[in-house]
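Here's the letter readout for the chains.
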Amino acid sequence: MTRSARAQRSRGSPEREPSNLSLSLWLRLIKAYNLLLREVRARLDPDLTLPQFDLLSQLAREPNGATPAALSRRLLVSAGNLTGIVDRLEKRRLVRRQAEPGDRRKVRLKLTEYGRVRVRKMQPRHARDLAKILSSVSLESQRSLRAMLGQFNESLERKKEER
């Protein structure tokens with residue numbers, strides 16, 4: 001038996017103890033996320049942050065724009081963080097705030113034409129970069145992992161709604 005196997009056995013196998021397995025899974029998810037994030041950031045357009053790119057990509061899916069509240073939920077960021085991201089993108093003429101007809105207190109965020117052109121150019125490259133980053137994992141494994149993470153996310157969302 002190897003030294004690492006003996007050490008693992010003495011600590012308790014993650015497969016034998018649910019709390020160890022949960023902790024091990026948590027750590028692997030964090031590590032995978034951080035490694036993937038590092039690679040994505042290294043390939044991203046250098047004059048955009050990842051949160052800015054994410055916001056632009058979300059708005060590209062919404063021809064009529066989206067409310068800040070909806071974007072905040074989708075991007076999993078606070079309203080304050082979203083405001084800062086939008087402010088910076090607005091200064092660069094990529095995004096605009098538009099008052100809702102009938103209720104000028106409400107605002108809708110939309111891509112400008114310049115923003116739409118930029119996103120159209122960036123998204124295919126981003127998709128190719130992700131495919132390259134993930135190419136060491138078989139397509140079958142990617143599909144399986146995607147399905148498992150989808151189930152996991154749904155489970156967490158249900159638990160949140162139950163509280």
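Residues numbered from 1 in each chain as written. Predicted model: local features only at pLDDT ≥ 70, side-chain atom pairs only at ≥ 80, totals over all residues. Heavy atoms only, no water.

A. Highlighting the side chain of glutamine 58. Of note, glutamine 58 is situated in helix α3 (residues 50-60). Judged by relative accessible area, glutamine 58 falls into the buried class, the value being 12%. Those residues in contact with glutamine 58 that sit more than four places away from it in its chain are Leu71, Arg74 and Leu75. (Helix = DSSP H or I, 4+ residues; strand = E, 2+ residues; numbered from the N terminus. Buried < 20%, exposed > 50% of the residue type's maximum accessible area, 1.4 Å probe, protein only. Contact = heavy atoms within 4.5 Å.)

B. The pattern of salt bridges, seen in detail. Counted according to the given criterion, the structure contains nine salt bridges. Residues arginine 43 and glutamate 39 are paired through a salt bridge, measuring 2.6 Å at the closest nitrogen-oxygen approach. Of this pair, arginine 43 and glutamate 39 both sit in helix α2 (residues 18-43), four residues apart, which is roughly one turn of the helix. Across the salt bridge formed by aspartate 45 and arginine 118, the nearest N and O atoms sit 2.8 Å from each other. One end of the pair, aspartate 45, is in the loop between α2 and α3; the other, arginine 118, is in helix α6 (residues 113-133), with 73 residues separating them in the sequence. Residues aspartate 45 and arginine 118 agree in their burial class; the two are buried. Connected through salt bridges with shared partners, the residues Asp45, Asp47, Arg92 and Arg118 form a single ionic network. (Salt bridge = Lys/Arg side-chain N within 4 Å of Asp/Glu carboxyl O.)

C. Broad picture of the packing of α2 against α6. Taken N-terminus to C-terminus, the directions of α2 and α6 make an angle of 140°; their axes are 10 Å apart at the nearest point. With respect to α6, the element α2 is oriented oblique. In the packing of α2 onto α6, the handedness of the crossing is right-handed. Two secondary-structure elements touch here, α2 through Leu36, Glu39, Val40 and Arg43 and α6 through Arg125, His126, Asp129, Leu130 and Ile133. (Axes fitted to C-alpha atoms, helices over the stretch in contact; angles between N-to-C directions. Parallel < 35°, antiparallel > 145°, perpendicular 65-115°, else oblique. Left-handed = near helix turned anticlockwise from the far one by under 90°.)

D. Main features of unusual backbone geometry. At leucine 76, a position not held by glycine, the phi torsion is positive, near 60°. The topology assignment puts leucine 76 in the loop between α4 (68-75) and α5 (79-91). Residue class for leucine 76 comes out exposed when judged on its relative accessible area of 75%. For arginine 93, which is not glycine, the phi torsion reads 65° and is therefore positive.

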